[in-house]
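So the chains spell out like this:
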Amino acid sequence: MRDAYHEELDSIGDSLVEMARLVGSAMGRATTALLDADLALAESVIAADEKVNALHHELEDRAIDLLARQQPVATDLRIVVTSLRMSADLERCGDLARHVAKVARLRYPQSAVPNDLHSIVLEMGQLAQRLVAKAGQVIATKDVEAALELERDDDAIDALHRELFTHLIDDRWQHGIETGVDVTLVGRYYERFADHAVSVAKRVVYLVTGEHAADFIAATEANPGE
């Protein structure tokens, strides 16, 4: 029975890794749909979000069932509770990818992003996809060092987000208010997607160490030799 219980815990981790894979793929495809004005691809991203939602609900049900039947304590309890929170973060990533795809659908047959901003948005999409892929790897490996790296990687997305705004507030902006709103929203979607990926990684730090990421970093810096 104990083996079955730990298999259930492991299966929750497997579901989280699968969710990370799905939302990363969704954001990659949503970015292509956005930049290429690909309506069919945008529709497929929007429809596929149901699978992420279903995984999220299934994981919730399994975690609650484990809490009720096994009454886990200590590390096992931390795994279940933290997994629920990671699942919520990843579900939100799926929603944000869907939002990007909806902007693409709304502006079809034109691209919602002006040509001169394509490279910035493409890079944001690629970085967001890589961040959540790293988060999935961190879930699978429980690698605390790799988890802490994600916050540094997120700085690149934040820098691109700021760069978008420099274009939006430039007096030479010639793309109109509607496009400005689209670009503002899309930039925010990528930035929030990355934030949720970082949140997942921070939760892995807590799962492994029992300390919140900020506290773990502070303790490590205070005692570098330990």
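The residue count restarts for each chain, going from 1 along the sequence in the order it is written. The model is predicted, so local features are restricted to residues of pLDDT at least 70 and side-chain atom pairs to those at 80 or more, both for listing and for counting; the totals for chains, interfaces and linings are taken over all residues. Heavy atoms from the whole structure form the basis of all side-chain values; hydrogens and water molecules are not counted.

Chemist: Could you clarify how one ought to interpret the packing of helix α4 (residues 118–141) against helix α5 (residues 144–168) in this entry?
Modeler: Packed helix pairs are specified by the crossing angle of their axes together with the interaxial distance, meaning the distance between the axes. For every element, the axis is a line fit to its C-alpha atoms; helices are fit only across the contacting stretch, and the angle between N-to-C directions ranges from 0 to 180 degrees. Counting from the N terminus, the helices are the DSSP runs of H or I reaching at least four residues and the strands are the DSSP runs of E reaching at least two. Contact pair α4 / α5: the axes reach a minimum separation of 10 Å and the direction vectors enclose 165°. In terms of their interaxial angle, α4 and α5 are classed as roughly antiparallel. Our pair here, α4 against α5, has a crossing hand that is left-handed. Of the residues contributing to the contact of α4 with α5, the split by class is 15 nonpolar, two polar and six charged. Under this scheme an angle from 65 to 115 degrees is roughly perpendicular, one under 35 degrees roughly parallel, and one over 145 degrees roughly antiparallel; angles in between are oblique. Take the far helix as the reference: if the near one is turned anticlockwise from it by less than a right angle, the crossing is left-handed, and if turned clockwise, right-handed. Amino acid classes used here: Ala, Val, Leu, Ile, Met, Phe, Trp, Tyr, Cys and Pro are nonpolar; Asp, Glu, Lys and Arg are charged; the rest, including Gly, are polar.

Chemist: Explain the environment of Asn115 to me, please; I cannot follow it from the model alone.
Modeler: Assignment of secondary structure puts Asn115 in the loop between α3 (74–107) and α4. Between the C-alpha atom of Asn115 and that of Leu35, which follows or precedes it by 80 residues, the distance is 8.6 Å.

Chemist: Explain the packing of aromatic side chains to me, please; I cannot follow it from the model alone.
Modeler: By convention, a stacked pair of Phe, Tyr or Trp rings (six-membered ring in the case of Trp) has centres within 6.5 Å and planes under 30 degrees apart, an edge-to-face pair has planes over 60 apart, and any other such pair is tilted. Following the criterion strictly, the structure yields zero aromatic pairs and no others. Note on criteria: charge over ring means Lys NZ or Arg CZ within 6 Å of the ring centre, with the direction from the centre no more than 35 degrees off the ring normal. The ring of Tyr206 has Arg78 lying over it, and the distance from NZ or CZ to the ring centre is 5.9 Å.

Chemist: Help me understand the packing of α3 against helix α6 (residues 176–209) in this model?
Modeler: At a closest axis distance of 9 Å, the pairing of α3 and α6 adopts a crossing angle of 165°. Classified by the angle their axes make, α3 and α6 are roughly antiparallel. The crossing of α3 and α6 is left-handed. Counted by class, the contact of α3 with α6 contains 17 nonpolar, five polar and nine charged residues.

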